[in-house]
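Given next are the chains, with one letter for each unit.
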Amino acid sequence: MSTSEPVPAVRPARPDYLNASYGVRSWLLTSDHKRIAILYLITVTFFFAIGGVAAALVRLELLTPAGDVFQAETYNKIFTTHGIMMVFFFLIPAIPAVLGNFLVPLMIGAKDLAFPRINLLSWYLLVIGGLIALWALIHGGLDTGWTFYTPYSTVYSNGWVVVTAVGIFIAGFSSILTGLNFIVTLHTMRAPGMTWTRMPLFCWGMYATAIIQILGTPVIAITLLLVGAERLFHLGIFDPAQGGDPVLFQHLFWFYSHPAVYIMILPAMAVISELVTAFSRKPIFGYKFIAGSSIAIAALSFLVWGHHMFVSGQSVYAGLVFSILSFMVAIPSAIKVFNWTATLYKGSVSYQTPLLYALGFIGLFTFGGLTGLFLASLGLDIHVHDTYFIVAHFHYIMVGGTIMAYLGGMHYWWPKISGKLYPEYWSRVSAWVIFIGFNLTFFPQFIVGYLGMPRRYHQYPEEFQVLNVMSTAGASILGIGYLIPLVYFIWSMRYGKDAADNPWGATGLEWQTPSPPPTENFVETPVVSGRPYDYATGREEVALG
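Residues numbered from 1 in each chain as written. Predicted model: local features only at pLDDT ≥ 70, side-chain atom pairs only at ≥ 80, totals over all residues. Heavy atoms only, no water.

Moving on, we get to the overall build of the protein. The number of helices and strands found in the protein is 17 helices and 0 strands. Against the 2.2 N^0.38 benchmark of 24 Å for 545 residues, the protein shows a C-alpha radius of gyration of 24 Å, consistent with a compact globule. Each principal axis of the C-alpha atoms in the protein carries an extent, and together these give about 95 × 55 × 45 Å. Burial statistics for the protein: of 545 residues in total, 58% are counted as buried. Here the analysis covers contacts within the protein between residues at least 6 apart in sequence; of these, 83% occur between residues at least 24 apart. Taken as a whole, the protein presents about 22300 Å² of accessible surface, with 69% of it coming from carbon and sulfur. Once the 26 positive and 25 negative side-chain charges of the protein are each reduced to a mean point, those two points are 10 Å apart. (Helix = DSSP H or I, 4+ residues; strand = E, 2+ residues; numbered from the N terminus. Rg over C-alpha atoms; globule rule 2.2 N^0.38 Å. Buried < 20%, exposed > 50% of the residue type's maximum accessible area, 1.4 Å probe, protein only. Contact = heavy atoms within 4.5 Å. Areas by Shrake-Rupley, 256 points an atom, 1.4 Å probe, with all protein chains shown as cover. Lys, Arg positive; Asp, Glu negative; His and termini not counted. Charge placed at Lys NZ, Arg CZ, Asp CG, Glu CD.)

Ranked by size, the top nonpolar core spans 151 residues in total, and within it Phe89, Leu99, Phe202, Trp340, Phe361, Tyr406 and Trp413 carry the most contacts. Excluding anything up to four places from it in sequence, Phe89 contacts Val44, Phe47, Ile84, Leu126, Gly129, Gly130, Ala133, Gly167, Ile168 and Ala171. Listed in part, the 14 residues of the second largest apolar core include Leu62, Met453, Tyr460 and Leu467. (Core = buried A, V, L, I, M, F, W, Y, C linked by side-chain atoms within 4.5 Å.)

Averaged over every residue, the pLDDT of the protein is 92; residues scoring 70 or more account for 96%. Low pLDDT, under 50, characterises residues 1-12; the predicted model gives this stretch 0 contacts beyond four residues in sequence or across chains. Of the regions scoring below 50 in pLDDT, residues 537-545 engages in 20 contacts with residues more than four places distant in sequence or in other chains. (pLDDT = per-residue confidence, 0-100.)

Two measures describe an aromatic ring pair: the distance that separates the ring centres and the angle between the ring planes. A full pass over the atoms with the stated rule returns 48 aromatic pairs. Taking 5.6 Å as the distance between ring centres and 85 degrees as the angle between the ring planes, the aromatic pair formed by Phe238 and Phe249 counts as edge-to-face. Residue Phe238 is located in the loop between helix H8 (201-233) and helix H9 (246-280), and its partner Phe249 is located in helix H9; the two are separated by 11 residues in the primary sequence. Owing to a relative accessible area of 0%, Phe238 belongs among the buried residues under this scheme. Residue classification places Phe249 among the buried positions, given a relative accessible area of 0%. Between Trp340 and Phe361 the ring centres are 5.8 Å apart and the planes differ by 70 degrees, which places this aromatic pair in the edge-to-face class. Of the two residues, Trp340 is situated in helix H12 (residues 330-344) and Phe361 in helix H13 (residues 353-376); the sequence distance between them amounts to 21 residues. With respect to burial, Trp340 and Phe361 carry one shared label: buried. Taken together, the ring pairs in this structure connect Phe88, Trp146, Tyr149, Phe238, Phe249, Phe253, Trp254 and Phe394 into an aromatic cluster. Stacked on the ring of Trp27, the Lys or Arg Arg35 has its end atom at 4.2 Å from the ring centre. The lysine or arginine in question, Arg190, covers the ring of Trp196, its NZ or CZ lying 4.5 Å from the ring centre. (Phe/Tyr/Trp six-rings, centres within 6.5 Å; stacked < 30°, edge-to-face > 60°. Lys NZ or Arg CZ within 6 Å of the ring centre and 35° of its normal.)

The subject of this paragraph is helix H4 (residues 94-108). Along its 15 residues, H4 runs 21 Å from first to last C-alpha, staying within 8% of the 21 Å computed at 1.5 Å per residue. Roughly 50 degrees is the biggest bend found in H4, and it falls at Gly100. Within H4, 15 of the 15 residues are buried, which leaves it mostly tucked inside the rest of the structure. Remark: Gly109 follows H4 within two positions and exhibits a positive phi of approximately 75 degrees. (Expected span 1.5 Å × (residues − 1). Bend = angle between axes of the 7 residues up to and from the residue.)

Moving on: the environment of Ser157. As for its position among the elements, Ser157 is in the loop between helix H6 (152-156) and helix H7 (161-188). Judged by relative accessible area, which is 2%, Ser157 ranks as buried. Taking C-alpha positions, Ser157 is 44 Å from Leu356, a pair spaced 199 residues apart along the chain. A polar contact is formed between the side chain of Ser157 and the side chain of Asp143, at a distance of 2.8 Å. Polar contacts involving the side chain of Ser157 include one to the main-chain amide nitrogen of Gly159, which spans 3.2 Å. (Polar contact = N/O pair within 3.5 Å; in protein donor to acceptor, adjacent residues only side chain to side chain.)

Given below as structure tokens:
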């Protein structure tokens, strides 16, 4: 007679938001802010991939001076696809909708956002708007550029202007509802003891962004509605042949679209504030100044739209005012950069992947911001207007800034989002590949732009080819750099080591709950008693995998 060893009982998985329920229906009808953030993550990654493919095609065409890959009309549609997908369906929603949705309730000790169902609706609106725009781009495309300048967009273009505008119009409501949710949540659902001066700087950044989303987005929505109405019914709003004013469109468009730059960059700055203090093991330097600078940027962003119109025929006096205001908006941005630098000074700095992205952001954003001061100067702006200097400046802010911060935030909070660790070696490799590839892509564009190469042309003089080859080579490296994190994030979900609840030794409330968090975030409502970022003076060794 033989006996067998008793089989040990299988330890049940700890309940969390990922395994609370299963099936597609449970995700598509969820009201959990964390699951909605994952839905946003999948969605914006999809649109980023489309915009990235379009960018690769642009760089492929510009590899040679002759327009020998695409016809001019096709090239126009490709760079328009790149701009629309990246600006409206990736850069604007990426950090607020993904990281903001996931983290704001966790950081303030709340169970969810104020309006969970509206939060889900905002995701559906982004998806619907994006698919409508994508349908238009597939069925013939659009050649106006992402700016929809009139009267070309209202009279002469043969593309799907109205359909694309409808897609962006619908997606705009997603942005408005997200901003509304953040403002109400931050005002009404903070944990006991979490005063405004104890609130994480990430939440301050989301709050300032939400103000712009609510006040600015209706302007672009109405503007695109007017473009569609004029194109369909010939109302004569923007068409000079019917008594309209095309410059009016520029005023309306840039009144939103320059604040939209801060919808993209303010959340990025908020992420960097969290990363710098966590990996320097010091309280953030000048907490109130950083928080106040976020609100100052939000307010000033509505006053600088005219610097896009220095060559549009506006008065010299208006140009002077907008120039001064454009210099002023650099001040609160500089406050942040100086305070981050002061936080790192004499800190116990740990050069792990999230901080590598943060340092990359600080360098690239600073460079992009300084070149923005060039463009705020009337005389110099006239020289480089509509050249590749503008393209380089914009991408140093948006790609070197927003996407670097987005990736830094994803690496920092990935253990909390997924409960898994990613391979630290490959994550550091990707950070360096992206940094090198980015600079090789866009720095040459400053030079060719200053030398006079106009943007949005598929042909150029032969003397610019060497710099364009460098730029295309850099874009290839940059694309590989973006693919590496996608691969190891997906890999980590199945094969990565389980993450500790607080692998970084950080101080925020989001790290005081399990990884991944339970559906209602906290077993008990936390009570906040200390100041934010109250790190110990001794060095705390924390590491991933």
